[in-house]
Protein chains: 2
Amino acid sequence: MAKAPKTAISPTRADDYPEWYQQVIKAADLAENSPVRGCMVIKPWGYQLWENMQRALDDMFKATGHQNAYFPLFIPMSFLEKEAEHVEGFAKECAVVTHHRLEPDPDGGLRPAGQLEEPLIVRPTSETIIGATYAKWVQSYRDLPILINQWANVVRWEMRTRMFLRTAEFLWQEGHTVHATDTEAIEETERMINVYADFARNWMAMPVTIGAKTAGERFPGAIETLSIEAMMQDRKALQAGTSHFLGQNFSKAQDIVFQSESGSREYAWTTSWGVSTRLVGALIMTHSDDDGFVLPPKLAPTHVVILPIYKDDSRAAVMEYIHALRDELRDQSYDGAPIRVEIDDRDMRGGEKKWHHVKRGVPIRLEVGPKDMEKNSVFLGRRDQPKSVGMDRNELVSTIGALLGQIQQSLYDRADQLRKDHTVTITNEADFRAFFTAKNPDNPEIHGGFALCHFADEASIDALLKELKVTIRCVPSENNDTPGTCFATGKPAAKQAIFAKAY
Amino acid sequence: MAKAPKTAISPTRADDYPEWYQQVIKAADLAENSPVRGCMVIKPWGYQLWENMQRALDDMFKATGHQNAYFPLFIPMSFLEKEAEHVEGFAKECAVVTHHRLEPDPDGGLRPAGQLEEPLIVRPTSETIIGATYAKWVQSYRDLPILINQWANVVRWEMRTRMFLRTAEFLWQEGHTVHATDTEAIEETERMINVYADFARNWMAMPVTIGAKTAGERFPGAIETLSIEAMMQDRKALQAGTSHFLGQNFSKAQDIVFQSESGSREYAWTTSWGVSTRLVGALIMTHSDDDGFVLPPKLAPTHVVILPIYKDDSRAAVMEYIHALRDELRDQSYDGAPIRVEIDDRDMRGGEKKWHHVKRGVPIRLEVGPKDMEKNSVFLGRRDQPKSVGMDRNELVSTIGALLGQIQQSLYDRADQLRKDHTVTITNEADFRAFFTAKNPDNPEIHGGFALCHFADEASIDALLKELKVTIRCVPSENNDTPGTCFATGKPAAKQAIFAKAY
Ligand SMILES: [Zn+2]
Ligand SMILES: [Zn+2]
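Residues numbered from 1 in each chain as written. Chains lettered and ligands numbered in written order. Predicted model: local features only at pLDDT ≥ 70, side-chain atom pairs only at ≥ 80, totals over all residues. Heavy atoms only, no water.

Caption draft 1: Region of interest: the pairing of strand β7 (residues 146-155) of chain A. Residue and element names in this part refer to chain A. Across the 10 residues that make up β7, a large majority, nine, are buried. Sheet analysis places strand β3 (residues 67-68) next to β7, joined by two bridges and oriented parallel. Bridge pairing in β7 places glutamine 67 opposite isoleucine 148. When β7 meets strand β8 (residues 169-179), the two strands line up antiparallel, connected through 10 bridges. Within β8, the residue paired with valine 155 across the bridge is glutamate 169. (Buried < 20%, exposed > 50% of the residue type's maximum accessible area, 1.4 Å probe, protein only. Helix = DSSP H or I, 4+ residues; strand = E, 2+ residues; numbered from the N terminus. Pairing = 2+ DSSP bridges.)

Caption draft 2: Seen up close, the interface of chain B and chain A. Contact with chain B, which involves 65 residues of that partner, is made by 65 residues of chain A. Between chain B and chain A, the buried area comes to about 5,200 Å², and carbon and sulfur atoms account for 68% of it. When the buried area of chain B at its contact with chain A is split by residue, Tyr70(B), Leu102(B) and Leu110(B) rank highest and sum to 13% of it. On inspection of chain B and its partner chain A, the count reaches four salt bridges. In this structure, Lys136(A) and Glu32(B) form a salt bridge, with 3.6 Å as the shortest nitrogen-oxygen distance. On inspection of chain B and its partner chain A, the count reaches 28 residue pairs in polar contact (both at pLDDT 80 or more). When residues in the side of chain B that touches chain A are grouped by element, the largest group, eight residues, is from strand β6 (residues 110-122) of chain B. (Contact = heavy atoms within 4.5 Å. Buried area = accessible area lost by both parts, 1.4 Å probe. Salt bridge = Lys/Arg side-chain N within 4 Å of Asp/Glu carboxyl O. Polar contact = N/O pair within 3.5 Å; in protein donor to acceptor, adjacent residues only side chain to side chain.)

Caption draft 3: The UniProt feature "domain: Aminoacyl-transfer RNA synthetases class-II family profile" (unreviewed entry) in chain A, seen in detail. Taking the numbering used here, the UniProt-annotated feature "domain: Aminoacyl-transfer RNA synthetases class-II family profile" (unreviewed entry) corresponds to residues 46-296 of chain A. The distance from the first to the last C-alpha atom of residues 46-296 of chain A is 14 Å, and the span holds 31% helix and 33% strand. (UniProt positions renumbered as here; feature names shortened; annotations may be inferred.)

Caption draft 4: Quick look at the pattern of salt bridges. Taken as a whole and assessed by the stated rule, the structure comprises 55 salt bridges over all chains. Ionic pairing is found between Arg101(A) and Glu103(A), a salt bridge with its closest N-O pair at 3.8 Å. A residue is classified by how much of its surface remains accessible, and Arg101(A), at 30% relative accessible area, is partly exposed. Glu103(A) sits in the partly exposed class, given a relative accessible area of 23%. The partner of Asp457(B) in a salt bridge is Lys491(B), with the nearest N and O atoms 3.5 Å apart. Of this pair, Asp457(B) sits in the loop between β23 (450-454) and α14 (458-468) while Lys491(B) sits in the loop between β25 (484-485) and β26 (492-493); the two residues are 34 residues apart in sequence, bridging distant segments of the chain. On the accessibility criterion, Asp457(B) (27% relative accessible area) is partly exposed. The exposure class of Lys491(B) is partly exposed, given its relative accessible area of 41%.

Caption draft 5: Seen up close, a negative patch on the surface. Residues and elements named next belong to chain A. Taken together, the side chains of Glu184, Glu187, Glu190 and Glu224 make up a negatively charged region of the molecular surface. If you tally residues by element for the negative patch, the top one is helix α6 (residues 182-202), at three residues. Within the secondary structure layout, glutamate 187 lies in helix α6. (Patch = residues over 30% accessible without salt bridge, like charges linked within 9 Å, V, L, I, M, F, W, Y side chains within 5 Å. Areas by Shrake-Rupley, 256 points an atom, 1.4 Å probe, with all protein chains shown as cover. Lys, Arg positive; Asp, Glu negative; His and termini not counted. Charge placed at Lys NZ, Arg CZ, Asp CG, Glu CD.)

Caption draft 6: Structural view of the side chain of Gln496(A). Within the fold, Gln496(A) resides in strand β27 (residues 496-500). Excluding anything up to four places from it in sequence, Gln496(A) contacts Thr425(A), Leu452(A), Cys453(A), His454(A), Val475(A), Pro476(A) and Asn480(A).

Caption draft 7: Quick peek at the relation of the copies chain B and chain A. For the pair chain B and chain A, the superposition axis carries a translation of 0.0 Å, the fit reaches an RMSD of 0.0 Å, and the rotation angle comes to 180°. A rotation of that kind, with that shift, is consistent with a two-fold axis. No C-alpha of chain B approaches the rotation axis more nearly than that of Val97(B), which lies at 2.1 Å. Comparing interface residues between copies, 100% of those in chain B also sit at the interface in chain A, which points to an isologous, same-surface contact. (Least-squares fit on C-alpha atoms with pLDDT ≥ 70 in both.)

Caption draft 8: Molecular detail of helix α5 (residues 127-137) of chain A. Judged by how many residues are buried, α5(A) sits mostly within the fold: 10 of 11 residues are covered. Buried within α5(A) are the following residues: Glu127(A), Thr128(A), Ile129(A), Ile130(A), Gly131(A), Ala132(A), Thr133(A), Tyr134(A), Ala135(A) and Trp137(A).

Caption draft 9: Looking closely at the packing of aromatic side chains. Evaluated as defined, the whole model comprises 40 aromatic pairs over all chains. Pairing Phe71(B) with Tyr134(B) gives two aromatic rings, centres 6.2 Å apart and planes at 85°, and the pair type is edge-to-face. With Phe71(B) in the loop between β3 (67-68) and β4 (74-76) and Tyr134(B) in helix α5 (residues 127-137), the pair connects residues that are 63 residues apart, well separated along the chain. Judged by relative accessible area, which is 0%, Phe71(B) ranks as buried. Seen from their ring centres, Phe432(B) and Phe436(B) are 5.0 Å apart, and the 65° between their planes marks the pair as edge-to-face. Judged by its relative accessible area of 0%, Phe432(B) falls in the buried class. Among the aromatic residues, those joined into a ring-pair cluster are Phe432(A), Phe435(A), Phe436(A), Phe455(A), Phe487(A) and Phe499(A). The side chain of Lys298(A) reaches across the aromatic face of Trp203(A), ending 4.3 Å from its centre. One Lys or Arg, Arg393(A), reaches over the ring of Tyr321(A) and ends 5.6 Å from the middle of that ring. (Phe/Tyr/Trp six-rings, centres within 6.5 Å; stacked < 30°, edge-to-face > 60°. Lys NZ or Arg CZ within 6 Å of the ring centre and 35° of its normal.)

Caption draft 10: Summary view of the domain arrangement of chain A. All names here are of chain A. Once the domains are mapped, chain A shows domain 1 (17-71 + 135-287), domain 2 (299-419) and domain 3 (426-501). On a C-alpha basis, the centroid separation for the pair domain 1 and domain 2 is 34 Å. Around 1,800 Å² of area is buried between domain 1 and domain 2 when both sides are counted, 64% of it from carbon and sulfur atoms. Among the residues domain 1 hides against domain 2, the three largest losses belong to Trp45, Pro207 and Met231. Together they make up 35% of the total. The tally of links between domain 1 and domain 2 comes to one salt bridge. Its salt-bridge partner being arginine 360, residue aspartate 29 comes within 3.4 Å of it at the nearest N-O pair. For the side of domain 1 that touches domain 2, the secondary-structure elements that each account for two or more residues are α2 (44-63), α6, β10 (224-231) and α8 (278-287). Considering every element that reaches the side of domain 1 that touches domain 2, the biggest residue donor is α2, with five residues. Considered class by class, the residues forming the side of domain 1 that touches domain 2 number 14 nonpolar, seven polar and three charged. (Domains from an automatic or database assignment. Nonpolar A, V, L, I, M, F, W, Y, C, P; charged D, E, K, R; others polar.)

Caption draft 11: Seen up close, the environment of Gln173(B). Residue and element names in this part refer to chain B. Mapped onto the elements of the fold, glutamine 173 is located in strand β8 (residues 169-179). It is 6.7 Å that separates the C-alpha atoms of glutamine 173 and asparagine 149, two residues lying 24 residues apart in sequence. Among all residues touching glutamine 173, those that are not within four sequence positions of it are Phe61, Asn149, Gln150, Trp151, Tyr196, Trp273, Gly274 and Val275. Side-chain polar atoms of glutamine 173 contact the side chain of asparagine 149, separated by 2.7 Å.

Caption draft 12: The pairing of strand β10 (residues 224-231) of chain B, seen in detail. All names here are of chain B. Burial within β10 is extensive, with seven of its eight residues counted as buried. Note that strand β9 (residues 209-212) and β10 share four bridges and pair antiparallel. Across the sheet, alanine 212 pairs through a bridge with leucine 226, a residue of β10. Relative to strand β11 (residues 237-247), β10 runs antiparallel, the two being bridged by eight bridges. Along β11, the bridge assignment pairs isoleucine 228 with glycine 241. Where β10 folds back onto β11 in an antiparallel hairpin, the turn is made up of five residues, including arginine 235, whose phi is positive at roughly 70°.

Caption draft 13: The nonpolar core, seen in detail. Formed by 80 residues in total, the largest nonpolar core has its most connected members in Phe74(A), Val122(A), Phe74(B) and Val122(B). Residue contacts for Phe74(B): discarding those within four places in its chain leaves Val36(A), Cys39(A), Ala95(A), Val122(A), Val155(A), Trp157(A), Val97(B), Leu120(B), Ile121(B), Val122(B) and Ile129(B). (Core = buried A, V, L, I, M, F, W, Y, C linked by side-chain atoms within 4.5 Å.)

Caption draft 14: Region of interest: the packing of α2(A) against helix α2 (residues 44-63) of chain B. Contact geometry of α2(A) with α2(B) gives a least axis separation of 15 Å together with a crossing angle of 155°. As far as their axial angle goes, α2(B) and α2(A) are roughly antiparallel. As for the relative orientation of α2(A) and α2(B), their crossing is left-handed in sense. Contact residues: Glu51(A), Arg55(A), Asp58(A) and Lys62(A) in α2(A); Glu51(B), Arg55(B), Asp58(B) and Lys62(B) in α2(B). (Axes fitted to C-alpha atoms, helices over the stretch in contact; angles between N-to-C directions. Parallel < 35°, antiparallel > 145°, perpendicular 65-115°, else oblique. Left-handed = near helix turned anticlockwise from the far one by under 90°.)

Caption draft 15: Representation of the sheet that holds strand β18 (residues 341-343) of chain A in the model. Residues and elements named next belong to chain A. On the basis of which strands lie adjacent, the open sheet formed by five strands has the order β18-β15-β19-β20-β21 and mixed pairing. What marks the edges here is a single partner per strand, and that holds for β18 and β21 (389-392). The average angle at which neighbouring strand axes cross in this sheet is 30°, direction not considered. Pairing of strand β15 (residues 304-308) with β18, which is carried by three bridges, proceeds in the parallel orientation. By the bridge assignment for β18, valine 305 is matched with glutamate 342.

Caption draft 16: The packing of α2(A) against α8(A), seen in detail. All names here are of chain A. α8 packs onto α2 with a crossing angle of 110° between their chain directions and a minimal axis gap of 10 Å. It follows that α2 is roughly perpendicular to α8 by the angle criterion. Across from Leu49, Trp50, Met53 and Leu57 in α2, the residues of α8 making contact are Leu279, Val280 and Leu283. Within the contact of α2 with α8, the residues separate by chemical class into seven nonpolar, no polar and no charged.

Structure, rendered in structure tokens:
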């Protein structure tokens, strides 16, 4: 009798996508909710992944001329008041420090004491505190550009949180640059969104579209916000990184003024750009399947896990064989770095151990027992393919780098195909409604995707978007020069935008 | 006429040590005070140094079996109430979050709104929040040990701050481990203080003594605190790292309970250990001189800076020569890593440029002009020696790694000599008073050092120590088995302690 199809993760993506997402995180040991509302604990497997992302991004930032620095966690409340749009954007989600000590209360517990003269905000983003510092550093055009990045934690008091995607505290990097001209600042804004797109595509194996946000979706205080948008497997969009051209808004609010070459006093032009631990959520939702997490090799903490299979009398021989195999694999390289190989010799049932690594997304599993040794082979499981296969041991060693490269590429291709399959051009409201409406309203199936539509202005379609819970993701920067007519109003429209439901 | 002796830093160490320290930080571009009380901005040169420290320490933590993870910034106030000594130790310096948004106030400004039901503390250290998580992770002896480290920012509301040494917010790592037995936990506590000592000696070139804190100086809630203590150039002690054996205090407060192999339910044994950006302060005060910062090569962001010297007609030839030199130097290695070489080709007076790098502590400066080229030589300045010397270019390339090794060693030796010169054994109170009393009370000269004294108990010498502003630094772990009599009370005493004025 055939076994019923079973998956390691329950529910499946098709059954309940949001719950599937939580269960993948749990099964892969990536993170868990903490006792503090909206804050998560990032567990070692998830944190190693984040460290790998950081390392790759940091190298890219340094290659584009940036240096790291560190600015205070706290922002005086008065700093936020200076940029009107900025404060409006963040005031509703600020953690506010009002006291600087605790004292015993009459019930035997504690209460806050030592009230601060001015409340401090836990940084939701650091334009204001960094800008105040830059104002001191910048005197002359010779001090420009300033090209600095900060790796930090930030806090935005979100009411509805979801691990990695939206948490009260999250980890991120924020670049903050100052330039003498608008041209240079715009170039920097574009350079960094391209760095993010490069990272998403070539490290995360995640296809993205670069585009500009419309006015309603811009960063509070920005003149222009560029973003990269990716499609998750439930066909929703996820904004994976943003780069903001801030014009002179923040330099005026914070008095970042320099003497130009000709001697005049000018306000500087600033940018900011960031990606966060949200990328881990994007990675999970891009590649994982109903058996758990799937890691692209370039970011995987472990490339290859070797699982010895033995009885008491064969243990010594098997362990000798796999130690030699591990050492030979570690001498090989993938993408310029040594192969990361681990042996899992824990005392645990073989099936359970195999599924442990499947659920954690390790790209390659090698099961090795006495029978494999006899044939000088290994039993190889690729996380991107359902079936394990026998493979000659020496062939494996000589091709391991190429194999990891194939997995990296196959993950990208699969994600790219999904995106192509669910990206449509829509020219009228009826089609738009149909595209974004589930056929089964009681238990909505996965539906929709990216709708490419010409549109005239945001105000005229606001009600429609609200009704369908659709947002304008971006106005793509490339292949977007053919004018048309607005899908909703019929008015002439210069460009298309991507419309989608979104995280 | 001979030039008056001049130093790049004013005042000198002898003139005003605390002010000299601030001026070195400023001249080396390491950090500055921020607009937020007690918080500093770590500038790129200082942050690169911290990153190098992090990288070396992180490798050591991983080599001793630890993994990184990340826990929340906030701690619910009730968590702090659980461990009585712990809360007493930290309650007076907690930043307390009481509100989660801002709203317009009647004056047109902002005010805190959305009061939290339970205030949140910005972590001063994470035993309580991490312990609450571990309580969920630990069920059986099979779940132990847990060996986790976190890189994070913490906040302790200090009233008197000094950059790097004592700031309201600082960066650090905190290891938190859980063990099945007291023996294993004590071994871990000792292992990690030895890691810190290894890092201090071999990376920072800073001699340290390992010892145990006396009861009055222990971490709040710890059974035993081990520390490494270093001597600064003003002969004060600086505690550079601590490792705590917490016994079952925190596991009882937080219910970290496991089922043992024999089936009984037991409280686990925990440890914690940490070093912080304070190490940057320690590094500055150990090696810097009256001309500025001095970097040990193993932690220097730049090993070698090349300063081209040319007029318009020689520029091209000089630049070609030094680019080739840079590339050859970069192909050499020091301590297993490539030599870090930079060219400073900024348009700036030669003397000013040279002093820029002297003050920033770059270990080796190479000045190269047409005359050096003719002789196939370079003009070499070692930061640890006053005079620059000519050197054959090819000899430099072939010996650069060894040269950096010599500088690293010479810095250690110099610091070790200072410590030896100012460490004395004292056996009576009169000598103790004399040692810790400046000869010139109106403008105290640098005096004192480490006094090694047998002592009976803390209570009996408390008043004397307060009067002299001296503290018991530690009871050294090594060469401390000869009993004696207390220097102050004459009572029998088993061990010596190090007494010193301290940061
Ligand atoms: Zn504005
Ligand atoms: Zn206690």
